[in-house]
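Take a look at the letters that make up each chain.
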Amino acid sequence: MCFNATASFAGAAVVGACGVATLTMVRRPREVPLALLPFAFGIHQALEGLTWLNLQDRPGAVLTGWAVHLWVLFAWALLPVWVPWAVWLWEENPVRRRWMVPLLATGGLLTLLMLFEVLQPGIQVQVVDSNLDYQLTFSPAWYLAVPYLAATCLTPMLSSHRFIQVFGVGNVIALSLATALKAADFSSLWCTFAAFLSIIILGHYVHQRRSGTAGPVVGAAAS
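Residues numbered from 1 in each chain as written. Predicted model: local features only at pLDDT ≥ 70, side-chain atom pairs only at ≥ 80, totals over all residues. Heavy atoms only, no water.

Caption draft 1: Spatial organisation of the overall build of the protein chain. When you go through the protein chain residue by residue, the secondary structure sums to 9 helices and 3 strands. Going residue by residue from the N terminus, the α and β elements of the protein chain occur as α-α-α-β-α-α-β-β-α-α-α-α. When the 223 residues of the protein chain are sorted by exposure, 48% land in the buried category. A fraction of 73% describes how many contacts in the protein chain between residues 6 or more apart in sequence connect residues 24 or more apart. (Helix = DSSP H or I, 4+ residues; strand = E, 2+ residues; numbered from the N terminus. Buried < 20%, exposed > 50% of the residue type's maximum accessible area, 1.4 Å probe, protein only. Contact = heavy atoms within 4.5 Å.)

This is the structure in structure tokens:
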């Protein structure tokens, strides 16, 4: 999390555990990318915990290195294509799938651009007002934020599945709050919100089990 190492590791434990539980209930291979999100967010929060430990919560301290690059890689480069791809795979409605294709393509192009950027040696993070401010070699301006928002938030909102729609709407609200509350470290704050919002995916599987609508998990039919 964007607050301190203890909060980051606690968040990683909670979200990561929910991620493991989610993966145990996957029914079809095409569900795996979306079901994997909570676990991935858990690892992401753990990386931020390591960053806090290395910075030792010192105001103005600056850090570079593999953990910083991995954090930015997931947040800025992987999520723009991962989220729309995962949602597209889950969707059965052919019309909605076609609507998602341009957003998936947008996310893919953004990923290619950001992969180049996040590999630059100038990426660093520092403590600003007791929060983490990740600094790329350029500042992601609104013209990058708009396609990012479209790929990661609008695509889920186009889904025919209610829980995926809620995940998309929740992320729009979370991104808006993060931007309004902390202009400097909004990416860290939003990723914290998004990590806990991903637990909605576990909620879907638990609801299916309780309602008796869940099918066999992946591999269960062969056992």
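What follows picks up the thread again.
Caption draft 2: Spatial organisation of the packing of helix H3 (residues 37-55) against helix H4 (residues 66-90). Between H3 and H4, the shortest axis-to-axis distance is 9 Å and the interhelical angle comes to 155°. On the basis of their axis angle, the class for H3 and H4 is roughly antiparallel. Handedness of the crossing formed by H3 with H4: left-handed. Touching Leu37, Ala40, Phe41, His44, Leu47, Glu48, Leu50 and Thr51 of H3 are Trp66, Ala67, Leu70, Trp71, Phe74, Ala75, Leu79, Trp82 and Val83, all from H4. (Axes fitted to C-alpha atoms, helices over the stretch in contact; angles between N-to-C directions. Parallel < 35°, antiparallel > 145°, perpendicular 65-115°, else oblique. Left-handed = near helix turned anticlockwise from the far one by under 90°.)

Caption draft 3: Seen up close, the packing of aromatic side chains. Throughout the structure, instances matching the rule amount to 5 aromatic pairs. A centroid spacing of 5.8 Å and a plane angle of 85° characterise the contact between Phe74 and Trp82, whose relative ring orientation is edge-to-face. The burial state of Phe74 is the same as that of Trp82; both residues are buried. Ring geometry for Trp90 and Tyr205: centres 6.0 Å apart, planes at 70°, overall edge-to-face. Here the residue Trp90 occupies a position in helix H4, and Tyr205 occupies one in helix H9 (residues 199-211), the gap between them amounting to 115 residues. Residues Trp90 and Tyr205 agree in their burial class; the two are buried. A connected cluster of aromatic rings, assembled from ring pairs, spans Phe41, Phe74 and Trp82. Stacked on the ring of Trp88, the Lys or Arg Arg97 has its end atom at 3.9 Å from the ring centre. (Phe/Tyr/Trp six-rings, centres within 6.5 Å; stacked < 30°, edge-to-face > 60°. Lys NZ or Arg CZ within 6 Å of the ring centre and 35° of its normal.)

Caption draft 4: Region of the structure containing the sheet that holds strand S2 (residues 124-128). Pairing is antiparallel across the open sheet formed by 3 strands, whose spatial order is S1-S2-S3. The strands lining the two open edges of the sheet, one partner per strand, are strand S1 (62-63) and strand S3 (131-135). Both S2 and S3 contribute to a ladder of 5 bridges, which runs antiparallel. Across the sheet, the residue bridging to Val127 is Leu132, located in S3. Sheet contacts for H3: S1, S2 and S3; angle to S3, the most-contacted strand, approximately 100°. Helix-sheet contacts for H4 involve S1, S2 and S3, and the interaxial angle to S3 is about 80°. (Pairing = 2+ DSSP bridges.)

Caption draft 5: Structural detail: the nonpolar core. Residues Leu34, Leu37, Phe41, Val72, Leu79 and Trp190 are the most contacted members of the largest nonpolar core, which totals 53 residues. The dominant element in this core, judged by the number of residues it contributes, is H4, at 14 residues. What Leu37 contacts, discounting residues up to four positions off in sequence, is Leu79, Trp82, Val83, Phe167 and Ile201. (Core = buried A, V, L, I, M, F, W, Y, C linked by side-chain atoms within 4.5 Å.)

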